[in-house]
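Reading the structure
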Amino acid sequence: MRLLNLIKIAFKAIVLNKMRTLLTMLGIIIGVASVIAMLAIGEGSKESIRTTISAMGSNMITVRPGSDVRGGVKQERSAMETLKLTDYYAIKEQASLLTYITPMVNGGGQVINGSNNWPSTIYGVNSDYLKIKLVDLQSGSMFTDSEVQSASKVALIGQTVVDNIFLDGEDPVGKMIRFNSIPFKIIGVLEEKGENTFGQDQDDVVIAPYTTVQKRILAIDHLESIIASAISEDQAPEAVTQVSEILRKQHKITENEEDDFHVRSMEELISTFSSTSEMLTILLVAVASISLLIGGIGIMNIMYVSVKERTKEIGLRMAVGAKGADILMQFLIEAILISITGGLLGVMLGLGATVFIEKFLNWPTSVALYSIVISFAVCAVTGIFFGWYPAKKAAALDPITALRYE
């Protein structure tokens with residue numbers, strides 16, 4: 001028999017048993033749709049993380065006190081007070097691969113305007129902060145270096161703070177507020193940025209000179225971090241090495257001693273979060289793939305039943321000249337057609353589910369072409385793998401025995 005005839009026979013057998021075929025396809029449809037949707041969520045989350053972190057400054061470098069301990073191990077208080085202003089000045093003077101740099105301290109408290117108050121976080125920085133973080137001003141201006149040196153009580157606030165302490169919609173620039181008990185004059189409002197991928201409100205901030213926050217709010221002489229901007233994203237790894245070398249020399253750390261600080265670039269953060277997201281995606285896809293396995297078993301089960309039901313038909317075909325290979329191909333093509341059709345329906349359902357997730361659940365998604373290609377490849381392999389045994393059983397039937405089968 002020619003291949004075209006075999007396809008026609010297989011297609012006719014599928015059409016004659018529509019409901020059974022649809023139920024057989026169901027596992028494949030759900031499996032393929034689940035795989036595509038899970039991969040889309042995984043890819044979307046990775047892209048969202050990269051976009052969010054890049055928006056914070058893709059070439060940003062962060063220096064924090066304490067050794068680079070991961071896994072939630074708590075360090076001693078003294079280990080978290082190793083960064084000093086002298087370290088900031090040393091990096092500023094000696095690091096040739098940095099464009100902007102600022103010390104940073106921060107603390108929580110109540111922002112108060114008259115009878116209105118709001119819990120927020122105050123960040124103490126210098127005038128380079130907005131350039132490093134790629135943040136613009138909605139109104140007003142940034143404080144100057146002279147205001148930093150004199151520890152002036154001036155501040156910039158985010159839109160969330162504005163909305164919660166200036167309820168009548170007045171312009172906050174030029175007004176006086178208090179952070180805890182310390183008065184500050186508002187000299188600017190930050191451009192609205194909204195929530196980041198991690199659900200953090202980027203507008204719930206107060207920005208002030210680090211000298212003011214150190215002396216008047218926190219009463220400390222150490223820094224909680226130093227953030228800087230590398231000349232370019234490509235040179236960020238070299239800048240990290242350069243800053244580390246400067247700090248090791250500054251802290252008199254010998255070759256065999258562990259660093260009492262850690263330096264990270266945004267690329268490292270992107271890589272870390274992307275790896276975590278990728279592992280979760282693999283886990284979700286593995287779970288979704290169970291549906292494909294169940295669908296494959298369903299195909300084998302139905303094809304085996306089909307062979308039993310059509311034993312007499314098989315015997316008749318073989319009696320008029322059909323070879324075992326023709327019977328094998330007939331049932332194998334039938335299994336592959338069921339699998340591929342289920343795959344097509346699964347792809348459409350998966351794409352529809354992706355659109356639904358993005359529009360109604362507001363989760364970031366991104367459908368990659370490879371996810372559709374993989375799904376089709378899996379469908380074809382599933383059809384061949386699970387259709388082979390029933391097809392082989394059909395091809396091995398004895399024509400005389402098959403003709404006598406009731």
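- Labelled according to an unreviewed UniProt entry, the chain appears under the name FtsX-like permease family protein, originating from Aureibaculum algae.
- If you open the UniProt record of the chain and go to Subcellular location (unreviewed entry), you find "Cell membrane".

1. Description of the overall build of the chain
- Secondary structure summary: the chain contains 13 helices and 10 strands in total.
- The buried share of the chain, reckoned over its 406 residues, is 46%.

2. Notes on the side chain of Thr212
- Mapped onto the elements of the fold, Thr212 is located in helix α7 (residues 210-218).
- Leaving out residues up to four positions away in the same chain, Thr212 has contacts with Ala151, Ser152, Lys153, Phe184 and Ile217.

3. Description of helix α12 (residues 369-395)
- For α12, with 27 residues, the first-to-last C-alpha span of 38 Å sits near the 39 Å given by 1.5 Å per residue.
- Listed as buried for α12 are Ser371, Ile372, Ser375, Cys379, Thr382, Gly383, Phe386, Gly387, Pro390, Ala391, Ala394 and Ala395.

4. Let's talk about the environment of Gly31
- In this structure, Gly31 sits in helix α2 (residues 18-55).
- Taking C-alpha positions, Gly31 is 9.3 Å from Gly350, a pair spaced 319 residues apart along the chain.

5. Describing the packing of aromatic side chains
- Going through the model one piece at a time under the given rule, you end up with 3 aromatic pairs.
- Relative to Tyr210, the ring of Tyr88 lies with its centre 6.5 Å away and its plane at 65°, an arrangement referred to as edge-to-face. Residue Tyr88 is found in helix α3 (residues 85-94), and its partner Tyr210 is found in helix α7; the two are separated by 122 residues along the sequence. Across the pair, Tyr210 and Tyr88 agree in class, each one buried.
- Plain terms: the ring middles of Phe356 and Phe360 are 5.0 Å apart, the flat faces sit at 35° to each other, and that makes the pair tilted. Placement of both Phe356 and Phe360 in helix α11 (residues 324-360) is noted, with a separation of 4 residues, approximately one turn of the helix.
- Classification of Phe356 as partly exposed rests on a relative accessible area of 46%.
- On the accessibility criterion, Phe360 (58% relative accessible area) is exposed.
- Members of the aromatic cluster, connected to one another through ring pairs, are Tyr88, Tyr89 and Tyr210.

6. Structural notes on a nonpolar patch on the surface
- A cluster of nonpolar residues, Met19, Leu22, Leu23, Leu26, Ile30, Leu345 and Met348, forms a patch on the protein surface that exposes about 670 Å² of accessible area.
- Breaking the nonpolar patch down by element, the ones donating at least two residues are α2 and α11.
- Ranked by residues supplied to the nonpolar patch, first place goes to α2 with 5 residues.
- When you line up the elements, Ile30 lands in helix α2.

7. Quick notes on the packing of α3 against helix α8 (residues 236-250)
- The contact between α3 and α8 brings their axes to 10 Å, and the two run at 135°. In terms of axis orientation, α3 runs oblique to α8. For the element pair α3 and α8, the recorded crossing hand is right-handed. Of the residues in α8, those touching α3 at Thr86, Asp87, Ala90, Ile91 and Gln94 are Val243, Ile246, Leu247 and Gln250.
- Residues that form the contact of α3 with α8 fall into these classes: 5 nonpolar, 3 polar and 1 charged.

8. A closer look at the pattern of salt bridges
- According to the stated counting rule, one finds 3 salt bridges in the structure shown.
- When the shortest N-O distance is used, the salt bridge between Asp259 and Arg248 registers 2.1 Å. Here the residue Asp259 occupies a position in the loop between α8 and β10 (261-265), and Arg248 occupies one in helix α8, the gap between them amounting to 11 residues.
- The class for Asp259 is partly exposed, based on a relative accessible area of 24%.
- The partly exposed category is assigned to Arg248, whose relative accessible area is 21%.

9. Focus: the pairing of strand β1 (residues 60-65)
- Most of β1 is tucked away: 5 of the 6 residues are buried.
- Here β1 pairs with strand β9 (residues 225-230) via 4 bridges, running antiparallel. Counterpart to Thr62 in the pairing with β9 is Ile227.
- Looking at chain direction, β1 and β10 are connected through 5 bridges and run antiparallel. The residue bridging Thr62 from the neighbouring strand is Arg264, located in β10.

10. Details of α8
- Relative to the 21 Å expected for 15 residues at 1.5 Å per residue, α8 spans 21 Å between its end C-alpha atoms, a close match to the ideal helical length.
- By the burial criterion, the buried members of α8 are Ala236, Ala239, Val240, Gln242, Val243, Ser244, Ile246 and Leu247.
- Of the surrounding secondary structure, the elements contacted by the buried residues of α8 are β1, α3, β2 (98-113), β9 and β10.
- Phi turns positive one or two residues past the end of α8, at Lys252, with a value near 55°.

11. Considering the nonpolar core
- Counting residues in hydrophobic clusters, the biggest one holds 61 residues, and the most contacted among them are Ile91, Leu98, Phe143, Ile157 and Ile207.
- Setting aside residues no more than four positions away along its own chain, Leu98 makes contact with Ile61, Ile91, Ala228, Ser229, Ala230, Ile231, Ala239 and Val243.
- Met25, Ile28, Ile29 and Leu39 belong to the second-largest nonpolar core, a separate cluster that totals 28 residues.

12. Topic: unusual backbone geometry
- Here the phi dihedral of Asn180 falls at roughly 60°; this positive angle occurs in a residue that is not glycine.
- Within the fold, Asn180 resides in the loop between β6 (176-179) and β7 (182-190).
- Take Asn180: its relative accessible area is 34%, and that puts it in the partly exposed class.
- One non-glycine residue, Ala219, lies in the positive phi region at around 55°.
- Among the secondary structure elements, Ala219 is positioned in the loop between α7 and β9.

What counts and what doesn't
Within every chain, residues take consecutive numbers counted from 1 along the sequence as written. Owing to the predicted nature of the model, reporting of local features is limited to residues with pLDDT of at least 70; listing and counting of side-chain atom pairs is limited to 80 or more, with chain, interface and lining totals taken over all residues. Remark: hydrogens and water are excluded; side-chain values derive from all non-hydrogen atoms of the structure. UniProt positions are given in the numbering used here, feature names are shortened, and annotations may be inferred rather than shown by experiment. Helical segments are the DSSP runs of H or I of at least four residues, strand segments are the runs of E of at least two, and each set is numbered from the N terminus. When accessible area is computed with a 1.4 Å probe and restricted to protein chains, residues below 20% of their type maximum are described as buried, those above 50% as exposed, and intermediate ones as partly exposed. Contacts are assigned to residue pairs that have any heavy atoms within 4.5 Å of one another. Expected span, for any helix, means 1.5 Å times one less than how many residues it has. Between 30 and 60 degrees the pair is tilted, below 30 it is stacked and above 60 it is edge-to-face, where a pair is any two Phe, Tyr or Trp rings, Trp via its six-membered ring, whose centres lie within 6.5 Å. For patch building, the residue pool is restricted to those with more than 30% relative accessible area and no salt bridge; the joining distance is 9 Å between like charges and 5 Å between nonpolar side chains (Val, Leu, Ile, Met, Phe, Trp, Tyr). Accessible surface area values rest on a Shrake-Rupley calculation with a 1.4 Å probe, where residue burial reflects the displayed protein chains alone. The working definition used for a salt bridge is a side-chain nitrogen of Lys or Arg within 4 Å of a carboxyl oxygen of Asp or Glu. Axes, fitted as lines to C-alpha atoms, cover a helix only where it is in contact. Angles between the N-to-C directions of the axes lie from 0 to 180 degrees. Here is the rule for angles: anything less than 35 degrees is roughly parallel, anything more than 145 is roughly antiparallel, 65 through 115 is roughly perpendicular, and the remaining ranges are oblique. Note on convention: the crossing is left-handed when the near helix lies turned anticlockwise from the far helix by less than a right angle, right-handed when the turn is clockwise. Amino acid classes used here: Ala, Val, Leu, Ile, Met, Phe, Trp, Tyr, Cys and Pro are nonpolar; Asp, Glu, Lys and Arg are charged; the rest, including Gly, are polar. A strand pair is defined by DSSP finding two or more bridges across the two strands. We call a set of buried Ala, Val, Leu, Ile, Met, Phe, Trp, Tyr and Cys residues a nonpolar core when their side-chain atoms join them within 4.5 Å.

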